[in-house]
Amino acid sequence: MNFQQTFKPGQSDRNAAQAPEASTPVARKPVEDDKAMLRAARDLTKDIAEANPAIYWTDMLASALIGYGALAGAILVDNVAAAVALGAIAALALYRALLFIHEISHFRRGAMARFGAAWNVLVGIPLLTPSFMYEGAHVIHHKRTQYGTVEDPEYLPLAMMKPWTLPLFVIIAPFATVGLLFRFAVLVPLGAVIPAVRRMTWARFSALAINPKFRRRPVEDDLRQKVFWQELGGAIWAWTLIASVFVLGWKPILIAFAVFSVVATVNQLRTLVAHLWENEGEPMTVTAQFLDSVNVPPPGRIAELWAPVGLRYHALHHLMPSMPYHSLPEAHRRLASELGEGSTYHGANHPGMASLVARITRSTMARR
């Protein structure tokens, strides 16, 4: 989930991470679907496939309350150490609250509409990331024929690119906050009177994408009304933030932007290890997509901080996109127990962020 970046994929090699010293590309063998795993995923999880609204509401509201409370504390306290500690708490809590945008993008049409509306008012618009920036666009990332291709807004073959692309990919993340402010404060009002600006803004800056070649198609009819109200709210809020400088001074907005920049950076790091990024652009089977995605299951606990709201089970999510986030831990436990360590399912499980960053770094350093 990222504001649009600019990278150019280079030539790639599926086996680079396993054979970093290879000097010529190695032909990649297609991955066939593991039908036993797909059946197990379907049959073992039928009873936990329904979302529990009480869990969604409690988790989202608690995260937002803690986040905004800690942010207010960071702004008001005079002690630098206390402000930094409160800022860190605010970043983690607001990050968790923000990532409910991923769940909202997978709701069935009309499902939990009040939750989505409340999330936009409490989190999406205040963080200048309303849900339309994921709804309708994120589902492309789950389509079998589009995942990992040039049409996928959320995929780049990062493991096959140059080493300098990885630090750039992370360093650019904090600027997303400024980019989003510019989008809503400048481009949205201009687009209201200049159709060409409106079309450009929608096509290029209306999806949380990392693929610079992605262009969003004209707004879908079922999203049109949402987009209008969310963009209006975002524009009003953007100008409220700008006006606050003249009323409250620079300190509140600078601290808030620092916290939001940390949120964007943590999310970018999570994105960096959400997949292995080893696809060269061709369509993949469901199993191949699963193996190109990442689970970071227990016993490690820190993953729940940098990949909350079920995203530590990102590979499992690609196997069952409609499974609610609160059911993913149990679904993982059942599948891991049923299929065993030597199974295809086990192949998507990884110990943590450090090993994944090391893997992708080695891959970018391979000679091709």
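Residue positions are counted from 1 within each chain, in the order its sequence is given. For this predicted model, a pLDDT threshold of at least 70 governs which residues receive local features, and a threshold of 80 or more governs which side-chain atom pairs are given and counted, while totals over whole chains, interfaces and linings are taken from all residues. Side-chain numbers here rest on the full set of heavy atoms in the structure, without hydrogens or water.

Caption draft 1: Main features of the overall build of the protein chain. A tally of helices and strands in the protein chain yields 15 helices and 0 strands. Atoms counted for the radius of gyration: C-alpha only. Globule rule: 2.2 Å times the number of residues to the power 0.38. A compact globule built from 368 residues would reach a C-alpha radius of gyration of about 21 Å, and the protein chain, at 21 Å, matches this within 12%. By principal-axis analysis of the C-alpha atoms, the protein chain measures approximately 60 × 50 × 45 Å. The buried share of the protein chain, reckoned over its 368 residues, is 53%. Any two residues whose heavy atoms approach within 4.5 Å are treated as being in contact. Taking contacts inside the protein chain between residues at least 6 apart in sequence as the whole, the part at least 24 apart equals 77%. Carbon and sulfur atoms provide 66% of the accessible area of the protein chain, an area that totals close to 17300 Å². Lys and Arg are tallied as positive, Asp and Glu as negative. Neither His nor the chain termini are counted. One atom stands in for each charge, and that atom is NZ of Lys, CZ of Arg, CG of Asp or CD of Glu. For the protein chain, the centre of its 35 positive side-chain charges and the centre of its 27 negative side-chain charges are spaced 5 Å apart. Here a helix means four or more residues in a row that DSSP labels H or I, a strand means two or more in a row labelled E, and each is numbered from the N terminus. When a residue's accessible area, from a 1.4 Å probe over protein chains only, is under 20% of the maximum for its type it is buried; when over 50% it is exposed; and in between it is partly exposed. Here the Shrake-Rupley method, with its probe set to 1.4 Å, supplies the accessible areas, and only the displayed protein chains count as covering residues.

Caption draft 2: Region of interest: the environment of Met-37. Locating Met-37 in the fold gives a position in helix α1 (residues 35-43). In sequence terms Met-37 and Ala-81 are 44 residues apart; their C-alpha atoms lie 50 Å from each other. Discounting chain neighbours no more than four positions away, the residues touching Met-37 are Thr-287, Phe-290, Leu-319, Leu-339, Thr-344 and Tyr-345.

Caption draft 3: Focus on the pattern of salt bridges. Salt bridges are counted wherever a side-chain nitrogen of Lys or Arg sits within 4 Å of a carboxyl oxygen of Asp or Glu. Inspection of every chain in the model, using the stated rule, returns 14 salt bridges. Close ionic contact of Arg-312 with Glu-304 constitutes a salt bridge, the shortest N to O distance being 3.6 Å. Since its relative accessible area comes to 6%, Arg-312 is described here as buried. In this structure Glu-304 comes out as partly exposed when scored by relative accessible area, which is 30%. Each member of the salt-bridge network shares a partner with another, and the members are Asp-47, Glu-330, Arg-333 and Arg-334.

Caption draft 4: Spatial organisation of the packing of helix α2 (residues 53-76) against helix α5 (residues 113-124). Axis lines are fitted through C-alpha atoms, for helices just across the contact stretch, and the angle between N-to-C directions can take any value from 0 to 180 degrees. Two numbers describe how α2 lies on α5: the axes approach to 11 Å, and their chain directions differ by 5°. Relative to α5, the element α2 is oriented roughly parallel. Within the contact between the two elements, α2 uses Tyr-56, Trp-57, Met-60, Leu-61, Ala-64 and Tyr-68 and α5 uses Arg-114, Phe-115, Ala-118, Trp-119, Leu-122 and Val-123. Any residue that is not Ala, Val, Leu, Ile, Met, Phe, Trp, Tyr, Cys, Pro, Asp, Glu, Lys or Arg is counted as polar, Gly included; the first ten are nonpolar and the last four charged. For the contact of α2 with α5, the per-class residue count stands at 11 nonpolar, no polar and 1 charged. Each angle is binned into one of four classes, with values under 35 degrees roughly parallel, values over 145 roughly antiparallel, values of 65 to 115 roughly perpendicular, and all other values oblique.

Caption draft 5: Layout of helix α9 (residues 221-248). Here α9 spans 40 Å end to end across 28 residues, near enough to the 40 Å set by a 1.5 Å rise per residue. The largest bend in α9 amounts to roughly 25° and is located at Ile-242. When α9 is considered as a whole, its buried residues turn out to be Leu-223, Val-227, Gln-230, Glu-231, Gly-233, Gly-234, Ala-235, Ala-238, Leu-241, Ser-244 and Val-245. In the core, the buried residues of α9 are packed alongside α5, α7 (176-193), α8 (195-205) and α10 (250-272). A positive backbone phi angle near 90° is found at Gly-249, which sits one or two residues after α9. Working rule for helices: expected span equals 1.5 Å times residues minus one. Two axes define the bend at a residue: one fitted to the seven residues ending there, one fitted to the seven starting there, and the bend is the angle between them.

Caption draft 6: Seen up close, the packing of aromatic side chains. Here a Phe, Tyr or Trp ring, Trp counted by its six-membered ring, pairs with any other such ring whose centre lies within 6.5 Å, and the pair is stacked when the planes are under 30 degrees apart, edge-to-face when over 60, and tilted otherwise. Scanning all chains against the criterion turns up 13 aromatic pairs. Ring centres of Phe-132 and Trp-202 lie 5.9 Å apart, and the angle between their planes is 20°; this geometry places the pair in the stacked category. In this pair, Phe-132 sits in the loop between α5 and α6 (165-171) while Trp-202 sits in helix α8, placing the two residues 70 residues apart along the sequence. Comparing Phe-132 with Trp-202, the two get one shared label, buried. A network of ring pairs unites the aromatic residues Tyr-56, Trp-57, Phe-100, Phe-107, Phe-115 and Tyr-325 as a single cluster.

Caption draft 7: Spatial organisation of the layout of surface pockets. For the largest pocket, the calculated volume is near 900 Å³. We place a 1 Å grid over just the protein atoms. Points where a 1.4 Å probe fits but has no way out form a cavity, open points with protein on both sides within 12 Å along at least 5 of 7 lines form a pocket, and any residue with an atom within 4 Å of a point lines it. Contributing to the lining of the largest pocket are 36 residues, with Glu-135, Gly-136, Asp-222, Leu-223 and Lys-226 lying nearest its centre. Looking at the lining of the largest pocket, the elements with two or more residues in it are α4 (100-106), α5 and α9. For the lining of the largest pocket, the residue count by class is 16 nonpolar, 8 polar and 12 charged. Grid points are joined across faces, edges and corners, and a volume is the space filled by probe spheres set on the points.

Caption draft 8: Geometry of the nonpolar core. For this analysis, a nonpolar core means a set of buried residues of the types Ala, Val, Leu, Ile, Met, Phe, Trp, Tyr and Cys, connected via side-chain atoms within 4.5 Å. By size, the foremost hydrophobic cluster in this structure holds 57 residues, and its most contacted members are Phe-100, Phe-115, Trp-119 and Val-123. For this core, the secondary structure elements donating two or more residues are α2, α3 (80-98), α4, α5, α7, α9, α10 and α12 (303-306). Setting aside chain neighbours within four positions, we find Val-123 in contact with Met-60, Ala-64, Tyr-68, Ala-97 and Leu-98.

Caption draft 9: Geometry of the confidence of the model for the protein chain. When the pLDDT values of the protein chain are averaged, the result is 91; 92% of them are 70 or greater. On a range of 0 to 100, pLDDT expresses the predictor's confidence in each residue. Every residue in residues 1-27 is under pLDDT 50, and counting partners more than four places away or in other chains gives 79 contacts.

Caption draft 10: Examining unusual backbone geometry more closely. Cis geometry is adopted by the peptide bond preceding Pro-299, which originates at Pro-298 and carries an omega value of 20°. Along the polypeptide, Pro-299 turns up in the loop between α11 (286-291) and α12. A positive phi angle, close to 60°, is found at Trp-277, a residue other than glycine. Relative to the helices and strands, Trp-277 is located in the loop between α10 and α11. The class for Trp-277 is buried, based on a relative accessible area of 1%. One non-glycine residue, Val-309, lies in positive phi territory at about 50°.

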